[in-house]
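Examination of the molecular architecture
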Amino acid sequence: ASEAEERDLIVIGGGVAGYVAAIKAGQAGLKVSCIEKRATLGGTCLNVGCIPSKSLLNNTHLYHQILHDTKNRGIVVDGVHMDIAQLMKAKETSVSGLTKGIEFLFKKNNVEWVKGTGAFADEHTVDVNLVEGGERSLRGKNIIVATGSEATPFPGLTIDEEKVITSTGAIALKEVPKKMVVIGGGIIGLEMGSVWSRLGAEVTVVEYLGQIGGPGMDAEVAKATQKLLAKQGMKFKLNTKVTSGDDSSASVKINVEAAKGGKEETLDADVVLVAIGRRPYTAGLGFENIGLEVDERGRLIIDQEYRTKIPHIRVIGDCTFGPMLAHKAEEEAVAAVEYITKGYGHVNYNAIPSVMYTHPEVAWVGQNEQELQKEGVKYKVGTFPFSANSRAKTNLDTEGFVKFLSDAETDRILGVHIVGPNAGEMIAEGTLALEYGASCEDVARTSHAHPTLSEAFKEAAMATYDKAIHF
Ligand code: FAD
Ligand code: NAI
C-alpha cells in the first residue's frame, strides 16, 4: 500500500456497533473512516439478523392470524395463501431501505465508508483489502474494532444454507420445508422456528437444557412460552442433546439422546436449523500481529472503557463481552466514542432489555427469579395476567402475564418479565424504571392510560406490595 492516510478514528466493521461509533465520531467532528467489507452497511442486524427476521415474523404472524383468528372477530376471508417470493421481497425492501439509510447518515455526518476488509499492520495502521481490488492503508490515532459475530457451527453437519442452515438460510428459504428440526431452543430457534411453523412446516426444537429461551429467560416465563408455542404447533424435545447428524442424503438425520444419557432417537428433517449460539468473528483481522488477546470463547479482551491492552484500540459489540444484542452494541458505540472525545462514557449493563419477537412476545430486563435465588436476595413477586386486562380482552389477545420482582425490603425493582402482546414495547417502561432506580410503588402510582395493555404492567407492579385491583 502507498503511504498511510491519517484519521482521528478508524472503525473496523459497519454493523450496529461500528456504524453508530462512526456516526457519533463524525458528529463530534472527528475525521473518521469505517471499513466494511459487505456490499451494504448495517452488519448482521440490518442485513441478516434483527431486521429481516422481524419482517418475516410480522408478516407470517399476520398470515397465521388471518388463517386461524378471524371468524370470531366477524372477519370472513377466503382463499388465503402465502406467496413466499413476495414475503421475501417485502423483507428485502425493509432491509435495503434501512441499509441505504445508514449510507445516507454516513454522508450527512462526514463518515467515509471504505469498502473492504481491514487488518492490523501495526498498532496504528490498518491495511484495507479493497472490494474493488487493490489496497489502502489507514493510520488512526484511535481504532475501534467492531467485527461482530457468526453462527456457531455444529460439528459433523455442513452448513449449505439450504438443507443445513443457520439463521441466514432461515430468512431466505424458497419454499416451506415439510419437516424442520431446530438444534437449540434459544432466541433464534424460537423466532425462526415460529416463522416456518406458521407457514406450515412441522417444526421440532431440540434443546439441551430443561427450558427454552436461551440465557436469561425466567423459568416461569419460559414454561408459559413453551406452552403457548406448543399450542401453535411447535414440538419440543427438552433435556435432549444432539449427538450427531448425517446430511449425506436428501433428508438430514439427526441423532439425539436424553441429556443425562439414555434413550436414543433419530429425527428426520428436510431442513435442519443450527441455532446453538453465536461466536465472535475476528477472522482476517490480524489482531495477533499486534499482540491482542482473546479469551477461551474468542472474545477480544478489553477493560471497562473498552480498551485493549493497546489503549488507543477499543473493541465493542458482539466480538467482545456481554449479550449479543444490537441495542447493547449501540450503547457501547456511543460510550466508546465519548471515552475518546470526552474522557468518560456510560453503559448500565444491568438495564439492557431482551426481547423475543414470537407471538406473544417475550421481554425482560434485570434479574430473573433463578438469578436472585442463586444470589440469596430476598425478593417479592407481583404478577398480573393479560386475561384480566381490558385492552387485551377487547383485542381478543389475552395470553401471558407481567411479572415484577422487587427487593423485599426496599421495594426497588430488580427485574421485569413479560410474556404477552406488545411485550417488546412495554419492556421499555421497565427498563426506564430500572435505570432510574424506581420502586414498584413508583410505577404503580403512575397513571397509565385506559384501556391499554400497559395497565397490566402497572397492576403487576402494584401486586408486589399491595393487591392488584382487577385480578
Ligand atoms: P455485526 O452486526 O456482526 O457487524 C460486524 C460487521 O463487521 C459485519 O458487517 C462484517 O461484515 C464486518 N467485518 C467483520 N470483519 C471485518 C473486517 N476485518 N473488515 C471489514 N469489515 C469487517 N439483536 C437485537 O438486539 N434484536 C434482534 O431482534 C436481533 N435479532 C437477530 C436475529 C438474528 C437472526 C441474528 C443472527 C442476530 C440478531 N440480533 C438481534 C443480534 C444482532 O444482530 C447483533 O447483536 C448485532 O448485529 C451486533 O452488532 P455488531 O456491530 O457488533 O456486529
Ligand atoms: P442462544 O444462546 O440464545 O440459544 C442457544 C440455545 O441452544 C441454548 O438454549 C442452548 O442451551 C442450546 N444448545 C446449545 N448447544 C446445543 C446442543 N448441542 N443441542 C441442543 N441444544 C443446544 O443462541 P441463538 O438462538 O443461536 O442466538 C444467538 C444470539 O443472537 C442470541 O443469544 C442473541 O444474542 C442474538 N439474537 C437476538 C435476537 C433478539 O434479540 N430478538 C434474535 C435472534 C438472535
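The chain carries the name Dihydrolipoyl dehydrogenase in an unreviewed UniProt entry, which gives Trichodelitschia bisporula as its organism. Per UniProt, the chain has the following entry under Catalytic activity (unreviewed entry): "N(6)-[(R)-dihydrolipoyl]-L-lysyl-[protein] + NAD(+) = N(6)-[(R)-lipoyl]-L-lysyl-[protein] + NADH + H(+)". Taken verbatim from the UniProt record of the chain, the Sequence similarities (unreviewed entry) comment is "Belongs to the class-I pyridine nucleotide-disulfide oxidoreductase family."

On to the packing of aromatic side chains, then. Given two aromatic rings, their pairing is described by the distance between the two centres and the angle made by the two planes. As enumerated under the stated definition, the model contains three aromatic pairs in all. The interplanar angle of 70 degrees and the centroid separation of 4.9 Å between the aromatic rings of Phe404 and Phe457 together place this pair among those described as edge-to-face. Placement of the pair is Phe404 in strand S20 (residues 401–407) and Phe457 in helix H13 (residues 454–465), with a sequence separation of 53 residues. Judged on exposure class, the residue Phe404 and its partner Phe457 are both buried. Over the face of the ring belonging to Trp113 we find Lys115, whose NZ or CZ atom lies 4.5 Å from the ring centre.

In the region of ligand 1, 36 residues are neighbours, and Glu36, Thr44, Lys54, Asp318 and Ala326 sit closest. Arg38 is positioned with one of its side-chain polar atoms (N or O) 3.2 Å from an oxygen atom of ligand 1. Within the backbone of Leu325, a nitrogen or oxygen atom sits 3.2 Å from an oxygen atom of ligand 1. Relative to its unbound accessible surface of 990 Å², ligand 1 loses 94% to contact with the protein. Looking at the shell around ligand 1, the elements with two or more residues in it are helix H1 (16–27), strand S2 (32–36), helix H2 (43–48), helix H3 (50–68), strand S3 (111–120) and helix H8 (326–341).

Another aspect to go through is the sheet that holds strand S13 (residues 264–269). Taken in spatial order, the three strands make up an open sheet running S11-S12-S13, and their pairing is antiparallel. Each having just a single partner strand, strand S11 (240–246) and S13 make up the two edges of the open sheet. The average angle at which neighbouring strand axes cross in this sheet is 30 degrees, direction not considered. In this structure, strand S12 (residues 252–258) lies alongside S13, joined through six bridges in antiparallel fashion. Bridge pairing in S13 places Asn255 opposite Thr266.

Here we come to the state of the cysteines. Any covalent bond linking the sulfur atoms of two cysteines counts as a disulfide. The full count for this structure, using the stated rule, is one disulfide. Cys45 shares a disulfide with Cys50; S-S distance 2.3 Å. What sets the handedness of the Cys45 and Cys50 disulfide is the S-S torsion sign, and at about -130 degrees it is left-handed. A relative accessible area of 12% means that Cys45 is categorised as buried. Overall, the relative accessible area of 27% leaves Cys50 in the partly exposed class. Of the cysteine sulfurs around Cys34, a residue in no disulfide, the closest is that of Cys319, at 13 Å.

Thresholds, definitions, all that
- Residues numbered from 1 in each chain as written.
- Chains lettered and ligands numbered in written order.
- Predicted model: local features only at pLDDT ≥ 70, side-chain atom pairs only at ≥ 80, totals over all residues.
- Heavy atoms only, no water.
- UniProt positions renumbered as here; feature names shortened; annotations may be inferred.
- Phe/Tyr/Trp six-rings, centres within 6.5 Å; stacked < 30°, edge-to-face > 60°.
- Helix = DSSP H or I, 4+ residues; strand = E, 2+ residues; numbered from the N terminus.
- Buried < 20%, exposed > 50% of the residue type's maximum accessible area, 1.4 Å probe, protein only.
- Lys NZ or Arg CZ within 6 Å of the ring centre and 35° of its normal.
- Near = heavy atom within 4 Å.
- Polar contact = N/O pair within 3.5 Å; in protein donor to acceptor, adjacent residues only side chain to side chain.
- Areas by Shrake-Rupley, 256 points an atom, 1.4 Å probe, with all protein chains shown as cover.
- Pairing = 2+ DSSP bridges.
- Axes fitted to C-alpha atoms, helices over the stretch in contact; angles between N-to-C directions.
- Disulfide = S-S within 2.5 Å.

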